[in-house]
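Inside the fold
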Amino acid sequence: MLRAPAPQQVMILFVKITIEELSKKGKTYKWEKHHCDKCQRDMWGHGFVMRYFAEALDGVYLKRYRCPDCSTVVTTRPETHWNSIRSAILTIYRALKSKLTGLWPPGFPRQRGLHWLKRFIDLAKMENQNNLSWFLTFCFAKQLRFFT
Ligand SMILES: [Zn+2]
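Computed from a prediction, not measured in an experiment: that's the story for all the values here. (Residues numbered from 1 in each chain as written. Predicted model: local features only at pLDDT ≥ 70, side-chain atom pairs only at ≥ 80, totals over all residues. Heavy atoms only, no water.)

Now for the coordination of the zinc ion. At 2.3 Å from the zinc ion lie its protein donor atoms, namely Cys36 (SG), Cys39 (SG), Cys67 (SG) and Cys70 (SG). Taken together, the four donor atoms coordinating the zinc ion span angles of 106 to 114° at the metal, a pattern that classifies the geometry as tetrahedral. Sequence spacing of the donors to the zinc ion: C-x2-C-x27-C-x2-C. Exposure remark for Cys67: the relative accessible area of 0% places this residue in the buried category. (Donors = N, O, S within 2.8 Å, 3.2 Å for Na, K, Ca; no water. Tetrahedral: all angles 85-135°; square planar, octahedral: opposite > 155°, others 65-115°. Buried < 20%, exposed > 50% of the residue type's maximum accessible area, 1.4 Å probe, protein only.)

Reports often express the size of an interface as the amount of accessible area lost when the parts come together. If you check the domain split of the protein chain, you get domain 1 (10–78) and domain 2 (89–141). Between the C-alpha centres of domain 1 and domain 2 the distance comes to 29 Å. (Domains from an automatic or database assignment.)

For the rest of this paragraph, the subject is the environment of Lys16. With respect to the helices, strands and loops of the structure, Lys16 is situated in the loop between β1 (10–15) and α1 (19–25). With a relative accessible area of 71%, Lys16 lands in the exposed category. Put simply, Lys16 and Phe146 are 130 residues apart on the chain and 20 Å apart in space, counted from C-alpha to C-alpha. Within the structure, Lys16 has its side chain in polar contact with the side chain of Glu79 (distance 3.3 Å). (Helix = DSSP H or I, 4+ residues; strand = E, 2+ residues; numbered from the N terminus. Polar contact = N/O pair within 3.5 Å; in protein donor to acceptor, adjacent residues only side chain to side chain.)

Moving on, we come to the nonpolar core. Among the nonpolar cores identified, the biggest contains 19 residues, and Trp82, Ile92, Leu96, Trp116, Phe146 and Phe147 are the most heavily contacted of them. Those elements that provide at least two residues to this core are α2 (89–100), α3 (110–126) and α4 (132–141). Look past the residues within four positions of Trp116 in its chain and what remains in contact with it is Ser87, Thr91, Ile92, Ala95, Leu96, Phe108 and Phe147. Counting 16 residues, the second largest nonpolar core, distinct from the first, contains Trp31, Met43, Val60 and Leu62. (Core = buried A, V, L, I, M, F, W, Y, C linked by side-chain atoms within 4.5 Å. Contact = heavy atoms within 4.5 Å.)

See the structure below:
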């Protein structure tokens with residue numbers, strides 16, 4: 001009888017690295033070893049994935065790891081960027097902060113800013129926060145994701 005393969009879990013490992021460094025070094029960047037959180041054993045390299053960020057014209061390669069025991073796959077991501085968002089957290093924070101206390105930063109793409117603002121306001125409403133500027137700073141300081 002055929003058995004379905006165990007569901008493969010994909011997790012994200014946030015690492016201290018800059019987009020600039022990744023762009024410059026590409027696949028030659030020396031990634032640190034990573035242990036499986038479940039099994040505590042060394043994970044094996046599992047190739048790379050290309051991801052695009054606002055700070056680089058071309059895609060950058062991010063390392064993946066796979067646990068030989070439980071098959072968990074981990075994809076790395078710079079800690080400066082939330083999952084599935086191309087812009088840096090700091091960029092988003094600065095743009096929203098600027099708008100909430102006045103205007104968008106000069107030359108900032110308004111369309112993108114409005115999209116972020118709407119999502120931030122949705123979160124603030126869900127959390128019953130009326131002081132948006134304070135709430136934004138609070139989330140940023142506590143390293144909480146301020147939109148989903
Ligand atoms: Zn494992």
